[in-house]
Amino acid sequence: MPRSLRKGPFIDAHLLKKVAEAIATRLKKPIKTWSRRSMILPDMVGLTIAVHNGRQHVPILVSENMVGHKLGEFAPTRMFRGHSGDKTAKKGAAPKDSKGGKDSAKK
């Protein structure tokens, strides 16, 4: 459920201060932040913001399509490496006979 229009978008004050400072000085250095909950504002377009994903800061170049989304949406916290059962099926499994019966392997 989106945030109320009456309240307006949420952005941490310290991040807003850093963004305003980067715009004023035209600094291209990434802005490090731990605030995954802050919303991307139109003022941030063109800036590089390094969002913490729990282990490292992931650099994100903000574009116009990202406005209105949260910063945390673009820095995934989990890495899916596949299901544990898939490894054996891909590597060493022998191809099955087209008939698929037990007796076809004996012939």
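Just above, that's the structure.
Everything numeric in this text was worked out from a predicted model, so none of it was measured.

(A) Here's a closer look at the sheet that holds strand 2 (residues 48–52). Taken in spatial order, the three strands of this open sheet run 1-2-3, and their pairing is mixed. Strands at the two margins of the open sheet, each flanked by one partner only, are strand 1 (31–33) and strand 3 (57–61). If you compare each strand with its neighbour and ignore which way they point, the axes differ by 25 degrees on average. As defined by bridge partners, strand 2 adjoins strand 3 across five bridges and the pair is classed as antiparallel. Looking across to strand 3, one finds that His 52 is bridged to His 57.

(B) Representation of unusual backbone geometry. The phi angle at Arg 26 is positive, at roughly 55 degrees, despite the residue not being glycine. Structurally, Arg 26 is set in the loop between helix 1 (13–25) and strand 1. Taking relative accessible area as the criterion, Arg 26 reaches 73% and is therefore assigned exposed.

Rules used throughout
- Residues numbered from 1 in each chain as written.
- Predicted model: local features only at pLDDT ≥ 70, side-chain atom pairs only at ≥ 80, totals over all residues.
- Heavy atoms only, no water.
- Pairing = 2+ DSSP bridges.
- Helix = DSSP H or I, 4+ residues; strand = E, 2+ residues; numbered from the N terminus.
- Axes fitted to C-alpha atoms, helices over the stretch in contact; angles between N-to-C directions.
- Buried < 20%, exposed > 50% of the residue type's maximum accessible area, 1.4 Å probe, protein only.

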